[in-house]
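Structural overview
What follows is the residue order along each chain.
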Amino acid sequence: MAATILIVLAAVIVVLLVVLTRFLRTQAGGTARVFSVLAMGALPALWLMAMLVYADSEMKKVSFCTSCHEMYAHGNSLEVDDDESLVASHYRNNRVDRKKACYTCHTNPGFLGYLDAKMRGMHDVRVHYFGRAPEELELVEPYRNAVCLKCHGKAENFLEGDGHQYPETLIDDLRAEEVSCLECHDVGHILED
Amino acid sequence: MVSPFQLLPSGPDAAARVLRRGALSQVAGVFVLSVALFTKMPLILVVVIPLGGLLIALGFLAWLWAVIWAESG
């Protein structure tokens, strides 16, 4: 639906711009200038912003991430029938947006986290097309608790659950990233050949 | 000393010329960026999104220049 609207809007903009160029062969006065506000100012700017939002949304999808062969196994691990896997239990139980599961769990919170994810994505594209990905993929940095806490941080089962009460400072330590969530919840992707 | 702005063409004919070229740049930008609606190949998206955005932005700058500066010449 969004793509259709954007295509129609693109066609409208192209028609207006072509009409404007014809207009400008005969005059560059008031009417042409007023027309140009719409044809060259408002509509292209609006369409450009909409396209950037659309493209950004598409590039957050699981289907986009798993379009590269290096990610096939990780994509398949989303559907593994094993609740011990953090990945599969979150995906299969709809604990994350299924369309954007990869992005949700592999992006640090905040705008800087978003920028960092984009830069890492660009790096991965470069390696995929012009380099060679390692046989075994690893995280470039330790998995941050902040990613878990952006959803779980205020949840009752996190704050009051038995597993997080000992030692008493555990929740504070988790928030301060002094202890990793993955020390106990250590099964991520279950990769199958 | 001559200001660099005085070296730029100005006047109604220059405004029309700049607007036409800016419009063509935006047409090209729309076509290039529209490719992103039909493919999800990462390499293509990485190329067409910045290129299309740049062409549209250049056209916008041309429009801005024409309506603000060129007419005053």
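Description of the structure in this document. Note that the structure is predicted; figures quoted are calculated from it, not measured. (Residues numbered from 1 in each chain as written. Chains lettered and ligands numbered in written order. Predicted model: local features only at pLDDT ≥ 70, side-chain atom pairs only at ≥ 80, totals over all residues. Heavy atoms only, no water.)

1. Concerning the layout of surface pockets
Considering only enclosed or pocket space, the second largest pocket measures out at about 230 Å³ in volume. Of the residues assigned to the lining of the second largest pocket, the class counts are 5 nonpolar, 2 polar and 3 charged. (1 Å grid on protein atoms, 1.4 Å probe; cavity = no way out; pocket = protein on both sides within 12 Å on 5 of 7 lines; lining within 4 Å. Points joined across faces, edges and corners; volume = space filled by probe spheres on them. Nonpolar A, V, L, I, M, F, W, Y, C, P; charged D, E, K, R; others polar.)

2. Details of unusual backbone geometry
All names here are of chain A. The linkage connecting Tyr166 with the following residue, Pro167, adopts the cis geometry, with an omega of -5°. Take Pro167: it is sitting in the loop between helix 9 (156-159) and helix 10 (170-175). We note that Asn94 has phi near 60°; this positive angle belongs to a residue other than glycine. Of note, Asn94 is situated in the loop between helix 5 (86-92) and helix 6 (101-105). Its relative accessible area of 54% is what places Asn94 among the exposed residues. (Helix = DSSP H or I, 4+ residues; strand = E, 2+ residues; numbered from the N terminus. Buried < 20%, exposed > 50% of the residue type's maximum accessible area, 1.4 Å probe, protein only.)

3. Observations concerning the interface of chain B and chain A
On the chain A side, the residues contacting the 29 residues of chain B number 33 residues. Taking both partners together, chain B and chain A bury about 2800 Å²; carbon and sulfur atoms supply 82% of that area. For the pair chain B and chain A, the interface holds 0 salt bridges. Sorting the residues of the side of chain B that touches chain A by element identifies helix 2 (12-34) and helix 3 (42-68) of chain B as the ones contributing at least two each. Of the residues forming the side of chain B that touches chain A, the biggest block, 12 residues, is contributed by helix 2 of chain B. The residue inventory of the side of chain B that touches chain A, partitioned by class, reads 21 nonpolar, 5 polar and 3 charged. (Contact = heavy atoms within 4.5 Å. Buried area = accessible area lost by both parts, 1.4 Å probe. Salt bridge = Lys/Arg side-chain N within 4 Å of Asp/Glu carboxyl O.)

4. Section: a nonpolar patch on the surface
Residue and element names in this part refer to chain B. A surface patch of nonpolar side chains, amounting to about 540 Å² of accessible area, comprises Leu54, Leu58, Phe60, Leu61, Leu64 and Ile68. Here Ile68 shows up in helix 3. The exposure class assigned to Ile68 is exposed, which follows from its relative accessible area of 59%. (Patch = residues over 30% accessible without salt bridge, like charges linked within 9 Å, V, L, I, M, F, W, Y side chains within 5 Å. Areas by Shrake-Rupley, 256 points an atom, 1.4 Å probe, with all protein chains shown as cover.)

5. Brief notes about the packing of aromatic side chains
Counted according to the given criterion, the structure contains 3 aromatic pairs over all chains. Geometrically, the ring pair formed by Phe111(A) and Tyr114(A) is stacked, given 5.9 Å between the ring centres and 20° between the ring planes. Within this pair, Phe111(A) and its partner Tyr114(A) are both found in helix 7 (residues 110-130), separated by 3 residues, close to a single helical turn. The class for Phe111(A) is exposed, based on a relative accessible area of 58%. For Tyr114(A), a relative accessible area of 24% corresponds to the partly exposed category. Centroid distance Phe60(B) to Trp63(B): 5.4 Å. Interplanar angle 40°. Geometry classified as tilted. (Phe/Tyr/Trp six-rings, centres within 6.5 Å; stacked < 30°, edge-to-face > 60°.)

6. A word on the environment of Glu58(A)
Residue and element names in this part refer to chain A. Topologically, Glu58 is positioned in helix 2 (residues 30-58). What makes Glu58 buried here is its relative accessible area of 15%. Between the alpha carbons of Glu58 and Lys99 there is a distance of 9.5 Å; along the sequence they are 41 residues apart.

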